[in-house]
Amino acid sequence: MNWDFRTAEELLKLCAYKYMDISDIMLAREMQLGELEKEEIMEEIDRCLRVMNVAVDKAISEPAPSMGGFLGGEAQKLNGLEDSKQICGTVVHNALINALAVAETNASMGVIVAAPTAGAAGVLPAVLLSVYQNCDISMDTLRKGLINASAIGYLLTRNGSVSGAEAGCQAEVGSASAMAASALVEMLGGTPQQCCDAAAIALSNLLGLVCDPVRGLVEVPCQTRNTIGAAGAFTAAELAMAGVTVHISLDEMIRITYDVGRSLPESLRETAKGGCAVACNVCPGAMHVAPTK
Amino acid sequence: MRNNYISMFDIIGPVMVGPSSSHTSGAAAIAWMARQIFTGAPAHVRFTLYGSFADTYRGHGTDRALIGGMLGYRPDDVRIRTAFEEAREAGLEVEFVIDTEEEMPHPNTVGIDMTAADGHTLYIRGESIGGGRIRITRMNDIRVDFNGDYSTIIVGHRDEPGMAAFMTGCLAERRINIASMRMFRNAKGKQAFTIIETDDFIPDLIQDELNAREGITSVDIIQL
């Protein structure tokens, strides 16, 4: 049996043929290609989940200023928002806190899991940990969610790009959002087809998002972009699970995202020469930081 | 060693000290490699930063990551944050040169000049090519190309007949399977480096066996 699927279409065929979830197929692929035991893979998955957890908790309990001086304490602030103003509802509210928190941990040289990149590292822990905290989800289902996300990330890497320098923020936060959307669907008992639909919706909703980091640092607007990646994942998952028709397949959406990314001007691909990066008045709080050039 | 495929943990990972896989994690990995290749302990290290490393190193903690790697820390080691202090305690002198003039083939490039207390030196140049992955492109003035995805033996030697046969003989004796073997040199008869990537664990005694031959000047092992 060859588990090395190359497209979402092949992945879905394997799922149908074997009556398996996307995470089961991805796990079988990793065992086959990496010549690994299931236990070894699960140990590493658990390590990643632990790192994600600590990355969230640390920024909420002991916020640290970021290297560039733009970030620090945002997650704690949102965590303290009074109940009557939490308009997003508990699950999304907690996800937004987690997303801010991981971005802060990352920007202050804490330990994070790049998923698929450091810049977009907040999206997956935001969604997965919030659902685990607030919904009736087992630890095993949480692991399956992370593995499911890696399958979508693998397809994006193989057939598109997850690099902001190559294809803009849509390739980083957009990819992470698609991964999280698919993970959500599997965790909540949706079908493999619905997982791919959710990923396709999430990608199309963030299509064209540019990479324009102020001073070239992973701080502004990266931190809040992580929150929209997370919120977008919930949106896409809910639509897909309701059976809202998806007109563009995941495979095609990956190709489209890649094409759009490559056609973005260089100034909007991580060079800090366009978009938010050239704003004249960036946060005066950061003025004590010496310009890097 | 690992098969060449996109792994689950290339996507969910690496676990790393932030904020940037290329500017922080990759920088630590290059310096870590340089430290492994250097024979003995460096007392003084000069890092020369080019391109995007030179432009944004401070906000990405590239300097701390480089020092951390030189102290033997892997990219997920939190001591990278306090690497300047750790270096002072370890008695390692560090120096940074920011070169915004010279154009390198890759924007994230660093040159590392290491000097030991006894005066011996080694220059390593590395590129951070994305997602924390790296490539070593120069040793002293010789162009090389390897990445540490395998356990690797780096042999510095005179360029003369019989060297390759001797090295493969040593490895065959210990039943070590060679994944790739390449020799790099600038001119016939001068210094050369042979980079041997292997599928198997490399026993330390290989180092002595290779070193015993006249004409071999250094043997360093990067164990995965």
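Residues numbered from 1 in each chain as written. Chains lettered and ligands numbered in written order. Predicted model: local features only at pLDDT ≥ 70, side-chain atom pairs only at ≥ 80, totals over all residues. Heavy atoms only, no water.

How should I be thinking about the sheet that holds strand β7 (residues 142-146) of chain B in this particular structure?
Hydrogen bonding along the main chain pairs the strands of a sheet, whether they run parallel or antiparallel. Residues and elements named next belong to chain B. Spatial strand order, β3-β2-β4-β5-β6-β7: six strands in an open sheet with mixed pairing. Every interior strand has two partners, whereas the edge strands, β3 (93-99) and β7, have only one. For this sheet, the mean angle separating the axes of adjacent strands, direction not counted, is 25 degrees. As defined by bridge partners, strand β4 (residues 108-116) adjoins strand β5 (residues 121-130) across seven bridges and the pair is classed as antiparallel. (Pairing = 2+ DSSP bridges. Helix = DSSP H or I, 4+ residues; strand = E, 2+ residues; numbered from the N terminus. Axes fitted to C-alpha atoms, helices over the stretch in contact; angles between N-to-C directions.)

Any chance you could explain the sheet that holds strand β8 (residues 151-158) of chain B here in plain terms?
Residue and element names in this part refer to chain B. An order of β9-β10-β8-β11 is seen for the four strands of this open sheet, with the pairing classed as antiparallel. Each edge of the open sheet carries a strand with a single partner, namely β9 (178-185) and β11 (216-222). Neighbour-to-neighbour, the strand axes of this sheet turn through a mean angle of 15 degrees, independent of strand direction. The sheet contact formed by β8 and β11 spans six bridges and is antiparallel. In the sheet register, Gly 156 faces β11, and the bridge partner there is Ser 218. Sheet strands touched by helix α2 (residues 21-37): β8 and β11. Its angle to β11, the strand with the most contacts, is close to 135 degrees. (Contact = heavy atoms within 4.5 Å.)

Honestly, the pairing of strand β2 (residues 42-50) of chain B in this entry has me stumped. Any pointers?
Side chains on a regular strand alternate between the two faces of the sheet. Residues and elements named next belong to chain B. Two strands pair when backbone bridges link them, and β2 and β4 are joined in this way by eight bridges, in the antiparallel orientation. When the bridges of β4 are listed, Val 45 appears paired with Met 114. Inspection of the sheet shows β2 paired to β3 by seven bridges, in the parallel sense. Paired with His 44 across the bridge in β3 is Glu 93.

Could you clarify how one ought to interpret the interface of chain A and chain B in this entry?
Interface extent is often summarised as the accessible area lost during association of the parts. Every contact between the two is made by 43 residues of chain A and, on the other side, 30 residues of chain B. Inspection of the chain A/chain B interface yields one salt bridge. Linking Asp 76 of chain B and Arg 47 of chain A is a salt bridge whose minimum nitrogen-to-oxygen distance equals 2.6 Å. Our count for the chain A to chain B interface comes out at eleven residue pairs in polar contact (both at pLDDT 80 or more). (Salt bridge = Lys/Arg side-chain N within 4 Å of Asp/Glu carboxyl O. Polar contact = N/O pair within 3.5 Å; in protein donor to acceptor, adjacent residues only side chain to side chain.)

Is there a simple way to think about the nonpolar core in this case?
As a rule of thumb, soluble globular proteins bury nonpolar side chains together. Counting 140 residues, the largest nonpolar core has Leu 124 and Leu 250 of chain A together with Ile 112 and Phe 146 of chain B as its most contacted members. A total of eleven residues in this core trace back to one element, the largest contributor, which is helix α3 (residues 38-61) of chain A. Setting aside chain neighbours within four positions, we find Ile 112 of chain B in contact with Ile 30, Ala 31, Ala 34, Val 45, Arg 46, Phe 47, Met 70, Leu 122, Tyr 123 and Ile 124 of chain B. (Core = buried A, V, L, I, M, F, W, Y, C linked by side-chain atoms within 4.5 Å. Buried < 20%, exposed > 50% of the residue type's maximum accessible area, 1.4 Å probe, protein only.)

Mind showing me how you'd approach the state of the cysteines here?
Note on terminology: a disulfide is the covalent bond linking the sulfur atoms of two cysteines. Applying the stated criterion to the full structure yields zero disulfides over all chains. Cysteine Cys 169 of chain A shares no disulfide, and the gap to the nearest cysteine sulfur, in Cys 211 of chain A, comes to 6.0 Å. (Disulfide = S-S within 2.5 Å.)

Please clarify how the side chain of Asn 98 of chain A should be interpreted in this entry.
Residues and elements named next belong to chain A. Position of Asn 98 relative to the elements: it lies in helix α5 (residues 90-107). Note on Asn 98: relative accessible area 3%, which makes it buried. Setting aside residues up to four positions removed in sequence, Asn 98 forms contacts with Val 56, Pro 125, Ala 126, Leu 129, Ser 130 and Gln 133.

I keep staring at the environment of Val 15 of chain B and nothing clicks. Help me out?
Its place among the elements puts Val 15 of chain B in strand β1 (residues 15-17). Remark: the alpha-carbon pair of Val 15 of chain B and Asp 77 of chain B, spanning 62 residues in sequence, is separated by 9.5 Å. Setting aside residues up to four positions removed in sequence, Val 15 of chain B forms contacts with Arg 47, Cys 48, Val 51, Val 111, Ile 112 and Val 113 of chain A together with Asp 76 of chain B.

How should I be thinking about the pattern of salt bridges in this particular structure?
All names here are of chain A. Across all of its chains, the model carries 24 salt bridges over all chains by this definition. Between Asp 4 and Arg 29 there is a salt bridge; the shortest N-O distance is 2.8 Å. Separated by 25 residues along the polypeptide, Asp 4 in the segment before α1 (8-18) and Arg 29 in helix α2 (residues 22-34) bring together distant segments of the chain. On the basis of relative accessible area, Arg 29 is assigned to the buried category, the value being 1%. The closest approach of N and O atoms between Arg 225 and Asp 212, which form a salt bridge, is 3.0 Å. Of the two residues, Arg 225 is situated in helix α11 (residues 222-241) and Asp 212 in the loop between α10 (192-205) and α11; the sequence distance between them amounts to 13 residues. Considered together, Arg 225 and Asp 212 belong to a single accessibility category, that of buried residues. Three or more residues joined by partner-sharing salt bridges are found here, namely Asp 21, Asp 24, Lys 144 and Glu 186.

For this particular structure, what's the right way to read the packing of aromatic side chains?
Any aromatic ring pair is given by two values, namely how distant the centres are and how the planes are angled relative to each other. Using the criterion set out here, one finds three aromatic pairs over all chains in the structure. Plain terms: the ring middles of Phe 5 of chain A and Tyr 154 of chain A are 5.2 Å apart, the flat faces sit at 80 degrees to each other, and that makes the pair edge-to-face. Residue Phe 5 of chain A is located in the segment before α1, and its partner Tyr 154 of chain A is located in helix α7 (residues 139-159); the two are separated by 149 residues in the primary sequence. Taken as a pair, Phe 5 of chain A and Tyr 154 of chain A share a single burial class, namely buried. Pairing Phe 47 of chain B with Phe 96 of chain B gives two aromatic rings, centres 5.1 Å apart and planes at 20 degrees, and the pair type is stacked. With Phe 47 of chain B in strand β2 and Phe 96 of chain B in strand β3, this residue pair connects regions lying 49 residues apart in the sequence. Every member of this aromatic cluster is reached through a ring pair, and the members are Phe 47, Phe 84 and Phe 96 of chain B. For Arg 29 of chain A, the ring lying beneath its charged end belongs to Phe 5 of chain A, and the centroid distance is 6.0 Å. (Phe/Tyr/Trp six-rings, centres within 6.5 Å; stacked < 30°, edge-to-face > 60°. Lys NZ or Arg CZ within 6 Å of the ring centre and 35° of its normal.)

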